[in-house]
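# Examination of the molecular architecture
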Amino acid sequence: MIKILKSKSFLISMIIATVIAVGVSILNHTQGKSFSELLCNACFVAGMLVGGFGCLMLAGNEGVFDIFGYGISFMAKIHWPGLGALSPEHRGESYADYKERKRTKRKSPAGILLAGGIYLVLAAVLLGIYLIQSSR
């Protein structure tokens, strides 16, 4: 866990989420919402965007989008063989070989998912504060 918190992807994701949250706060500042509602909305949007990107990376790491890359390279090989779209060592590879080659190059989305999760938890806490304040 400590390793993920010190990772470059986590730190960059937290910075991006913070920039998104500040941007949403600035855009919604003129709508007359309470400060806790404003922060809750900002953290929710940041958490969903960063966490959603992490979920797409997780799906991509499992090979969900591999068929698109393989299909494009296969079509390029068929229609424009002189372009050299594929390196010579990959010209005759099957889809299974392509998936295995891609699997070895993938990075973990753990830092991005953790950053999105932190912002979603923060949004939930701020929602609770907002609901307590608005019920008075």
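Scroll up to find the structure this text is about.
Residues numbered from 1 in each chain as written. Predicted model: local features only at pLDDT ≥ 70, side-chain atom pairs only at ≥ 80, totals over all residues. Heavy atoms only, no water.

So, on to the overall build of the protein. Along the backbone of the protein there are six helices and zero strands. Along the protein, helices (α) and strands (β) appear in the sequence α-α-α-α-α-α when read from the amino end. Across its three principal axes, the protein shows a C-alpha extent of roughly 70 × 35 × 20 Å. Relative to its 136 residues, the protein shows a buried fraction of 27%. Considering only intrachain contacts with a sequence separation of at least 6, the fraction spanning at least 24 residues in the protein is 79%. Taken as a whole, the protein presents about 9000 Å² of accessible surface, with 72% of it coming from carbon and sulfur. Charge centroids of the protein, computed over 14 positive and 7 negative side chains, lie 8 Å from each other. (Helix = DSSP H or I, 4+ residues; strand = E, 2+ residues; numbered from the N terminus. Buried < 20%, exposed > 50% of the residue type's maximum accessible area, 1.4 Å probe, protein only. Contact = heavy atoms within 4.5 Å. Areas by Shrake-Rupley, 256 points an atom, 1.4 Å probe, with all protein chains shown as cover. Lys, Arg positive; Asp, Glu negative; His and termini not counted. Charge placed at Lys NZ, Arg CZ, Asp CG, Glu CD.)

Tallying each qualifying case throughout the model produces two aromatic pairs. Consider the rings of tyrosine 70 and tyrosine 98, whose centres lie 5.4 Å apart with planes at 55°: the pair is tilted. Highlighted residues: tyrosine 70 in helix α4 (residues 66–79) and tyrosine 98 in helix α5 (residues 95–103), separated in sequence by 28 residues. The burial state of tyrosine 70 is the same as that of tyrosine 98; both residues are buried. Here the aromatic cluster, defined as three or more aromatic residues joined through ring pairs, consists of Tyr70, Tyr95 and Tyr98. (Phe/Tyr/Trp six-rings, centres within 6.5 Å; stacked < 30°, edge-to-face > 60°.)

This part covers the packing of α4 against α5. α5 packs onto α4 with a crossing angle of 120° between their chain directions and a minimal axis gap of 10 Å. The angle between the axes of α4 and α5 places the two elements in the oblique class. Judged by the sense of rotation from one axis to the other, the crossing of α4 with α5 is right-handed. Judged by residue contacts, Asp66, Ile67, Gly69 and Tyr70 of α4 engage Tyr95, Tyr98, Lys99 and Lys102 from α5. The class makeup of the residues in the contact of α4 with α5 is four nonpolar, one polar and three charged. (Axes fitted to C-alpha atoms, helices over the stretch in contact; angles between N-to-C directions. Parallel < 35°, antiparallel > 145°, perpendicular 65-115°, else oblique. Left-handed = near helix turned anticlockwise from the far one by under 90°. Nonpolar A, V, L, I, M, F, W, Y, C, P; charged D, E, K, R; others polar.)

The next thing to look at is the pattern of salt bridges. Oppositely charged side chains can pair when the atoms bearing their charge come close. Enumeration over the complete set of coordinates arrives at two salt bridges. Of the charged contacts, one joins arginine 106 and aspartate 66 as a salt bridge, the two residues approaching to 2.3 Å between their closest N and O atoms. Of this pair, arginine 106 sits in the loop between α5 and α6 (110–134) while aspartate 66 sits in helix α4, and the two are 40 residues apart along the sequence. Residue class for arginine 106 comes out partly exposed when judged on its relative accessible area of 24%. For arginine 103, the salt bridge goes to glutamate 100, with nearest N and O atoms at 3.6 Å. In this pair, arginine 103 and glutamate 100 both sit in helix α5, three residues apart, roughly one turn of the helix. (Salt bridge = Lys/Arg side-chain N within 4 Å of Asp/Glu carboxyl O.)

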